[in-house]
Amino acid sequence: MTSDINVAGVERWASALGGAALAAYGIRQLKDRSPSGAALTAAGTALIYRGATGHCPMYSAAGINTADSRDDTRTALSGARGVNVQETVTISRPADELYRFWRSFELLPSFMHHLVSVEQLDQCRSHWVAKAPAGRTIEWNAEIINEIPGELIGWRTLDGSEVVSAGSVRFKPAPGGRGTEVRVRLQYDPPGGKLGSTIAWMFGEEPSQTIREDLRRFKRLMETGEIPTTDGQPRGNR
Amino acid sequence: MKAVVWHGTNDVRVERVPDPTILNPRDAIIRVTTTAICGSDLHLLDGFIPTMKAGDILGHEFMGEVVDVGTENTRLKVGDRVVVPFTIACGRCFFCERQLWSLCDNSNPNAWMAEKLYGFSGSGLFGYSHMMGGYAGGQAQFVRVPFADVGPIKISDGLTDEQVLFLSDIFPTGYMAAENCNINPGDTIAVWGCGPVGQMAIKSAFLLGAERVIAIDDVPERLKMAQEQSGAETVNFDDEQVFDRLKDLTGGMGPDACIDAVGLEAHGHTLDSYYDKVKTATMMATDRPNALRQAIHACRKGGVVSIPGVYGGFLDKMPFGAAFAKGLTFKMGQTHVMKYMQPLLDLVQEGAVDPSFVITHRLPIDQAPEAYKTFRDKKNECIKVILKPHGETVH
């Protein structure tokens, strides 16, 4: 049905070069027995592969080329090594409305509590600021690598970011007029060096729980217009 | 403001706390004119409900006057007189849209706690543990009501607080318990527990067409109330074997439906009830379900066991074999209060029912700590306590 080549020419070269750099960096880290080094090496290798073959496993997995795309985000990021999280929630709103809200990245901090801000740099690239331990922040740039309006947004962090991560959110109409099944997949570098531990801190000891709470707040905001809370209510002496 | 505050098992106090404020756009603040102590509050007093924290404000049966509304609340206005349902519901999720209000997906901020214990979370509740949302309750001078454009029902001036207060919980709870029995002409309904919910269930079973209702308890004044107020027949389990008596009263068939209006703190004189007391006292079990066991055992074949009584955890020695062998149907859960408020208000307005008949004690809020114990210990013929938070004349 489709050719295996799903990456355009210029991007192939960029991938190959970027991948080589990433792999080299990763190999250097590997000497220090850093797990993130292995991940970077794997990521870099995959990018070289992508550049050389014109086929990106992340792209095809996330369904960039085809209408019948699968929503698998086993990315080139770190092969099977990274932390993979998948959570689903059904929201009683149309897919298109949910997609449009999510796609306005600057609104994401309203329900993702670890985020401080998101700034859209251009149509594809965005700048993210998140909370880090000890009142610090951590920042990274991300790009959309896959997008089907009303259906799917796939992203990954840009080379050179402090955080190495990729993910997707898919909006699929639920049966029986129940609204939309929203499925988030997220993959990030396993805890290793300093950066690894920051992202691990961000997603907590149970990353799936963190994503689940983000999705729960998204659902509540979209269904009810607000996020239920008791913060600030009166209580007696503790 | 003054509020009734939980500090631990057997430790409920009246304290000065800050006034509530609007926190979300659909909120309202209610000045509470009348509130009540519910039988289920006694489970909190007795320490049976997990995830309570010292400082929690109690109370989920209350009504009053709207004194502030959030920016998105277009349904209520300052000055409205309302009764507030004890279940908090968003009105827009899958469950609310299907009238399953007490299963609202969105109103419990601590849903993850309930999910850990139950798999999924029900709605948030006022003043009923952090697992159920951690919302400050209405045994206070003021209370914040989330999603106040969905739950509260407006009341006209012609009705007294006492006539309508119980639309917040026990009247709909008793009514739903009876409705769950699928009552057909000629049916006999047996009701375990003649506390306020039991009284409402008995009254409602007759409203829904039951031929006979048999009330089971060991507190004489409660049995007397069931008989006098609703025309129930009575069985005192101190004096009689419940199973034998029910069988005898129903021509050997057993009741068509059995309502357990007792819940997790049943006390009885059967062997299994002592076993439960020992097990719960030694933390080896969470609930004392002997009323439920009896209901399952006594129910006729193909009948319904309806459970408005609250259960919290893992029930020991359930006669599931009997339930299976007899093909019983179980109906249970927190009440979908919003589904019943308007039709029941209509009944009150028409004069068909006056739920205030259960009230035995009317007290200022300062006496709440004693009132909890009086109610729990069933002293002074106490059946239902209402509290006046602002010290209006108590008659």
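Residues numbered from 1 in each chain as written. Chains lettered and ligands numbered in written order. Predicted model: local features only at pLDDT ≥ 70, side-chain atom pairs only at ≥ 80, totals over all residues. Heavy atoms only, no water.

**Re the overall build of chain A**
Where we set the bar: What counts as a helix is a DSSP run of H or I of at least four residues, what counts as a strand is a run of E of at least two, and both are numbered from the N terminus. Exposed residues in this analysis have more than 50% of their type's maximum accessible area, buried residues have under 20%, and partly exposed residues fall in between, with area computed by a 1.4 Å probe over protein chains only. Contact criterion: two residues are considered in contact whenever any of their non-hydrogen atoms come within 4.5 Å of each other. Surface accessibility in these figures is a Shrake-Rupley result with a 1.4 Å probe; residues are shielded only by whichever protein chains are displayed.
Summing up its helical and strand segments, chain A has six helices and seven strands in all. Ordered by position from N to C terminus, the α and β elements of chain A give α-α-α-β-α-β-β-β-β-β-β-α-α. Per-residue burial for chain A yields a buried fraction of 54% across its 238 residues. Within chain A, counting contacts between residues at least 6 apart in sequence, those at least 24 apart form 53% of the total. For chain A, the exposed surface amounts to about 11100 Å²; the carbon and sulfur share of it is 54%.

**Overview of the overall build of chain B**
Helix and strand counts for chain B stand at 13 helices and 18 strands. The buried share of chain B, taken over its 395 residues, is 62%. In the form shown here, chain B has an accessible surface area of approximately 14800 Å², with 53% of it arising from carbon and sulfur atoms.

**Comments concerning the packing of aromatic side chains**
Put simply, the rule is: Centres within 6.5 Å make a pair out of two Phe, Tyr or Trp rings, where for Trp the six-membered ring is used; the pair is then stacked when the planes are under 30 degrees apart, edge-to-face when over 60, and tilted otherwise. Ring-over charges, as used throughout, are those where CZ of Arg or NZ of Lys falls within 6 Å of the ring centre and within 35 degrees of the ring normal.
If you walk through the whole model with that rule in mind, you get 14 aromatic pairs over all chains. With a centroid separation of 6.5 Å and an interplanar angle of 15°, the aromatic rings of B:Phe320 and B:Phe330 are classed as stacked. One end of the pair, B:Phe320, is in helix H11 (residues 320–325); the other, B:Phe330, is in strand E16 (residues 329–332), with ten residues separating them in the sequence. B:Phe320 gets classed as exposed once you look at its relative accessible area, which sits at 58%. A residue is classified by how much of its surface remains accessible, and B:Phe330, at 27% relative accessible area, is partly exposed. Grouping aromatic residues by their ring pairs yields a cluster made of A:Tyr99, A:Phe101, A:Trp102, A:Phe111, A:Phe171 and A:Phe218. Taking NZ or CZ as reference, B:Arg98 lies 3.7 Å from the ring centre of B:Phe94, over its face. The ring of B:Phe357 carries the charged tip of B:Lys203 above its face, separated from the ring centre by 5.0 Å.

**Focus on helix H10 (residues 290–298) of chain B**
Of all the nine residues making up H10(B), seven are buried; the element is thus mostly covered by neighbouring parts of the structure. Buried within H10(B) we find B:Asn290, B:Ala291, B:Leu292, B:Arg293, B:Ala295, B:Ile296 and B:Ala298.

**Here we look at the confidence of the model for chain A**
Residues and elements named next belong to chain A. What counts here: Residue-level confidence of the predictor is summarised by pLDDT, bounded by 0 at the bottom and 100 at the top.
Per-chain confidence: chain A averages 74 in pLDDT, with 58% of residues scoring 70 or above. Averaged over each element, pLDDT in chain A is lowest for helix H3 (residues 57–62) (43) and highest for helix H4 (residues 95–103) (98). Contacts from residues 1–5, a stretch scored under 50 in pLDDT, to residues over four places away or in other chains number ten contacts. For residues 16–78, every residue scores under 50 in pLDDT, and the model assigns this stretch 133 contacts once sequence neighbours within four places are set aside.

**As for the packing of H4(A) against helix H6 (residues 207–224) of chain A**
Residue and element names in this part refer to chain A. Using the following cut-off: Only C-alpha atoms enter the line fits that serve as axes; for helices the fit covers just the stretch in contact. Angles between N-to-C directions range over 0 to 180 degrees. Each helix crossing is assigned a hand: it is left-handed if the near helix lies turned anticlockwise from the far helix by less than a right angle, otherwise right-handed if that turn is clockwise. All amino acids are sorted into three groups, where Ala, Val, Leu, Ile, Met, Phe, Trp, Tyr, Cys and Pro are nonpolar, Asp, Glu, Lys and Arg are charged, and the leftover types, Gly among them, are polar.
The N-to-C vectors of H4 and H6 enclose an angle of 120°; their axes lie 12 Å apart at closest approach. You can see that H4 and H6 cross each other, and the crossing is right-handed. Contacts between H4 and H6 involve Glu-97, Leu-98, Phe-101 and Trp-102 from the former and Leu-215, Phe-218, Leu-221 and Met-222 from the latter. Taken together, the residues of the contact of H4 with H6 break down into seven nonpolar, no polar and one charged.

**A word on the interface of chain A and chain B**
Definition in use: Once two parts are brought into contact, the accessible area they lose, counted with a 1.4 Å probe and summed over both, makes up the buried area. For this document, the term salt bridge refers to a Lys or Arg side-chain nitrogen within 4 Å of an Asp or Glu carboxyl oxygen.
Tallying the contact residues gives 25 residues for chain A and 40 residues for chain B. For the pairing of chain A and chain B, the buried interface totals around 2400 Å² over both sides, and the portion due to carbon and sulfur atoms is 46%. Counting across the interface, chain A meets chain B through three salt bridges. Measuring nitrogen to oxygen at the nearest pair gives 2.8 Å for the salt bridge that ties B:Glu115 to A:Arg216.

**As for the sheet that holds strand E2 (residues 11–16) of chain B**
Residues and elements named next belong to chain B. Applicable threshold: A pair of strands is considered paired only if DSSP assigns at least 2 bridges between the two.
Taken in spatial order, the three strands of this open sheet run E2-E1-E4, and their pairing is antiparallel. Two strands in the sheet have a free side with no partner beyond their single neighbour: E2 and strand E4 (56–57). Taken strand by strand, helix H13 (residues 368–376) contacts strand E1 (2–8) and E2, and its axis lies near 155° from that of E2.

**Points about the pattern of salt bridges**
Evaluated as defined, the whole model comprises 33 salt bridges over all chains. A:Arg212 serves as the salt-bridge partner of A:Glu87, at 3.1 Å between the closest nitrogen and oxygen. Of this pair, A:Glu87 sits in strand E1 (residues 83–91) while A:Arg212 sits in helix H6, and the two are 125 residues apart along the sequence. What makes A:Glu87 buried here is its relative accessible area of 12%. The class of A:Arg212 is partly exposed, set by a relative accessible area of 28%. Among the ionic pairs, B:Asp161 bridges to B:Lys388, the shortest N-O distance being 4.0 Å. One end of the pair, B:Asp161, is in helix H4 (residues 161–164); the other, B:Lys388, is in strand E18 (residues 385–388), and 227 residues separate them in sequence. For the residue pair B:Asp161 and B:Lys388, the accessibility class agrees, reading buried in each case. Put simply, B:Asp46, B:Arg376, B:Asp377 and B:Lys379 are held in one network by salt bridges that share partners.

**Details of the nonpolar core**
Definition in use: Take the buried Ala, Val, Leu, Ile, Met, Phe, Trp, Tyr and Cys residues and link them wherever side-chain atoms come within 4.5 Å; each set so joined is a nonpolar core.
If you look at the biggest cluster of nonpolar residues, it comprises 101 residues, and the most contacted ones within it are B:Val164, B:Phe166, B:Leu167 and B:Ile189. Element by element, the count of residues in this core is highest for helix H12 (residues 337–350) of chain B, at eight residues. The next biggest cluster of nonpolar side chains, apart from the first, holds 35 residues, and it includes A:Val85, A:Phe111, A:Ile211 and A:Leu215.

**Quick look at the pairing of strand E14 (residues 257–260) of chain B**
All names here are of chain B. Side chains Ala-257 and Ile-259 project from E14 onto one buried face, and the interleaved Cys-258 and Asp-260 project onto a second face that is buried too. Inspection of the sheet shows strand E11 (residues 188–192) paired to E14 by four bridges, in the parallel sense. Bridge pairing in E14 links Ile-189 to Ala-257. Pairing analysis gives three bridges linking E14 to strand E15 (residues 304–307), with the strands arranged parallel. Bridging across to E15, Ile-259 finds its partner in Ser-306.

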